[in-house]
Amino acid sequence: MIYLDNLTMVYDRHPAVHHVSAAVEEGDLLAIVGPNGAGKSTLLNALAGLAPIEEGNINGLNPSDVAYLPQQSQIDRSFPLTVAELVATGLWQCIGFHKAINQKQRNDCEKAIAAVGLQGFENRMLNSLSGGQMQRVLFARVLLQDRPVILLDEPFNAIDKKTVDDLTKVIYSWHQDRRTVVMVTHDLEYVRQHCPKTMLLARESIDFGNTKKVLTAQNISQAQRMFEAFDLSATCCNRAVI
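Quantities reported herein were computed from a predicted structural model and do not represent experimental measurements.

Trainee: Could you clarify how one ought to interpret the overall build of the protein chain in this entry?
Mentor: Each helix and strand in the protein chain was counted, giving nine helices and nine strands. Here the C-alpha atoms of the protein chain give a radius of gyration of 19 Å, agreeing with the 18 Å that 2.2 N^0.38 yields for 242 residues. For the protein chain, with 242 residues in total, the buried portion stands at 45%. Of the contacts formed within the protein chain by residues at least 6 apart in sequence, a portion of 70% connects residues at least 24 apart. When the accessible surface of the protein chain is split by element, carbon and sulfur atoms take 51% of a total near 12600 Å². A distance of 4 Å separates the average location of the 23 positive side-chain charges in the protein chain from that of its 26 negative side-chain charges.

Trainee: What exactly am I supposed to notice about the environment of Lys-162 here?
Mentor: In this fold, Lys-162 is placed in helix 6 (residues 161-176). The spatial distance from the C-alpha of Lys-162 to the C-alpha of Gly-132 is 8.7 Å, given a sequence separation of 30 residues. Among the polar contacts listed, one links the side chain of Lys-162 to the side chain of Asp-166, at a separation of 2.7 Å.

Trainee: Is there a simple way to explain unusual backbone geometry in this structure?
Mentor: Peptide bonds are, in most cases, trans, and in most cases residues other than glycine have a negative phi. With a phi angle near 65°, Arg-178 is a residue other than glycine that sits in the positive phi range. With respect to the helices and strands, Arg-178 occurs in the loop between helix 6 and strand 7 (180-184). For Arg-178, a relative accessible area of 48% gives the class partly exposed. Its identity is not glycine, yet Arg-203 carries a phi of approximately 70°, on the positive side. With respect to the helices and strands, Arg-203 occurs in the loop between strand 8 (197-202) and strand 9 (204-210).

Trainee: Which parts of the structure should I look at to understand the packing of helix 4 (residues 103-115) against helix 5 (residues 131-145)?
Mentor: What describes two packed helices is the angle between their axes and the distance between those same axes. Close contact between helix 4 and helix 5 brings their axes to 8 Å; oriented N to C, the two are set at 135°. With respect to each other, helix 4 and helix 5 are oriented oblique. Our pair here, helix 4 against helix 5, has a crossing hand that is right-handed. In this structure, helix 4 uses Asp-108, Cys-109, Ala-112, Ile-113 and Ala-115 to contact helix 5, whose residues at the interface are Ala-140, Leu-143 and Leu-144. When grouped by side-chain class, the residues that make up the contact of helix 4 with helix 5 number seven nonpolar, no polar and one charged.

Trainee: Honestly, the packing of aromatic side chains in this entry has me stumped. Any pointers?
Mentor: Two descriptors summarise a pair of aromatic rings, namely the distance from one centre to the other and the angle between the planes of the rings. What the rule picks out here adds up to three aromatic pairs. Measuring from centroid to centroid gives 6.3 Å for Phe-139 and Phe-156, while their planes differ by 20°, and the two rings are stacked. You can see Phe-139 sitting in helix 5 and its partner Phe-156 sitting in the loop between strand 6 (149-153) and helix 6, a full 17 residues away along the chain. Neither residue differs from the other here; Phe-139 and Phe-156 are each classed as buried. An angle of 55° between the planes, with centres 5.0 Å apart, marks the rings of Phe-156 and Tyr-190 as tilted. Pair noted here: Phe-156 is in the loop between strand 6 and helix 6 and Tyr-190 is in helix 7 (residues 188-194), with a separation of 34 residues, a long-range link.

Trainee: Explain the pairing of strand 6 here, please?
Mentor: Consecutive residues of a regular strand have side chains that alternate between opposite faces of the sheet. Extensive coverage of strand 6 is indicated by the burial of five of its five residues. Pairing of strand 5 (residues 66-69) with strand 6, which is carried by four bridges, proceeds in the parallel orientation. Bridging from a neighbouring strand, Leu-69 pairs with Leu-152 of strand 6. Of the pairings in the sheet, the one linking strand 6 to strand 7 comprises five bridges and is parallel in character. Pairing of Val-149 across the sheet is with Thr-180, part of strand 7.

The rules we used
- Within each chain, residue numbers correspond to sequence positions counted from 1 in written order.
- Given that the model is predicted, a residue must reach a pLDDT of at least 70 before its local features are reported, and side-chain atom pairs must reach 80 or more before they are shown or counted; all residues, however, enter totals for whole chains, interfaces and linings.
- Water and hydrogen atoms were dropped before computing side-chain values, which therefore reflect all heavy atoms in the structure.
- The numbering of helices and of strands both runs from the N terminus, where a helix is a DSSP run of H or I of at least 4 residues and a strand a run of E of at least 2.
- Taken over C-alpha atoms, the radius of gyration is set against a globule rule of 2.2 Å times the number of residues to the power 0.38.
- A simple rule labels every residue: compare its accessible area, found with a 1.4 Å probe on the protein chains alone, to the largest value its type can have, and call it buried under 20%, exposed over 50%, or partly exposed in between.
- For this analysis, residues touch if any pair of their heavy atoms sits within 4.5 Å.
- The Shrake-Rupley method, run with a 1.4 Å probe sphere, supplies the accessible areas, and residue values consider only the shown protein chains as cover.
- For this count, His and the chain ends are skipped, Lys and Arg are scored as positive, and Asp and Glu as negative.
- Throughout, a charge is located at the NZ atom of Lys, the CZ atom of Arg, the CG atom of Asp or the CD atom of Glu.
- What qualifies as a polar contact is a pair of N or O atoms within 3.5 Å, subject to a donor-acceptor requirement within protein and to the restriction that residues adjacent in sequence count only when both atoms come from side chains.
- Note on method: axes are straight lines fitted to C-alpha atoms, helices fitted across the in-contact stretch only, with angles between N-to-C directions ranging 0 to 180 degrees.
- Throughout this description, any angle smaller than 35 degrees is read as roughly parallel, any larger than 145 degrees as roughly antiparallel, any in the 65 to 115 degree range as roughly perpendicular, and the remainder as oblique.
- Take the far helix as your reference; a near helix turned counterclockwise from it by less than a right angle gives a left-handed crossing, and one turned clockwise gives a right-handed crossing.
- Gly is put with the polar residues, along with every residue not named as nonpolar or charged; the nonpolar set is Ala, Val, Leu, Ile, Met, Phe, Trp, Tyr, Cys and Pro, and the charged set is Asp, Glu, Lys and Arg.
- Pairing of aromatic rings covers Phe, Tyr and Trp, the last counted by its six-membered ring, and requires centre-to-centre distances within 6.5 Å; plane angles under 30 degrees mean stacked, over 60 mean edge-to-face, and any other angle means tilted.
- One requirement defines pairing of two strands: DSSP has to find at least two bridges between them.

Dropping the structure here:
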C-alpha cells in the first residue's frame with residue numbers, strides 16, 4: 001500500500017497540495033480529479049518523486065517501482081527520435097542511457113509497440129505522429145518499464161476515441177495484473193465508467209474512495225467553491241522555527 005500522510009506541497013510559499021492523507025491499496029485503479037489548477041499534477045509529481053514535499057510523507061512507495069507517463073505537452077517532439085528509440089528509453093534504469101540494448105530487449109520493445117497498435121511504426125520520427133499515435137508511443141514506453149506502480153498524467157487529453165478505447169484496454173490489463181494505476185484526468189464521465197476509486201482534489205482532498213460516493217454533485221460543487229475561494233494574495237505560509 002501507498003500511504004499519503006499529511007502531504008503538503010507549496011508553490012511560491014502558498015499551498016499547491018494541502019494536508020492530503022490517503023491510503024492507496026495495491027492494485028487500485030485510482031483517478032485524481034478536480035478543478036484546473038487544484039494540485040492534481042503536483043500530487044502526481046510527488047508520487048513520481050519529481051517534486052519536493054514541504055510537509056508530511058509518502059510511505060510505501062519506492063521510486064524504482066514507478067513508471068510515469070507525462071502530459072504530451074512536456075515532450076519535445078522536435079527532438080530527432082524514432083518511435084523505437086523513445087520506447088527504448090523505458091529501459092534506462094536497467095541499461096543506462098549509453099549502453100546498447102540487446103536482442104531480447106529489442107524484441108521487448110517491438111512487443112510493447114505492437115501491444116499499443118503501432119506495429120510497423122518503429123522507424124517513424126516522433127514529429128510525424130498524430131496526437132493519438134504519440135500517446136500510444138508513451139504507453140508503449142510505460143509497458144516496457146514493467147513497473148508495479150503506474151502514474152498517468154492526463155493520458156486522454158485531446159485524443160481520438162479509438163485511441164482512448166485501445167489504451168483503456170492496456171490500463172485494464174495493468175489493473176488485472178494487480179498493478180497500482182493512478183491517473184490524473186479532467187474527464188469525469190471517463191472516471192465514472194472506468195475507475196473504481198477517485199480522489200476529488202481542490203488543493204485539499206474533498207473526498208476519497210469509491211467513485212460513485214466521491215463524484216456526487218454536492219462534492220463537485222464543494223470542490224469548485226473551495227478552489228475559487230483560494231486567495232493567492234493571502235499571507236505566505238510560515239515555517240515553524242525550531
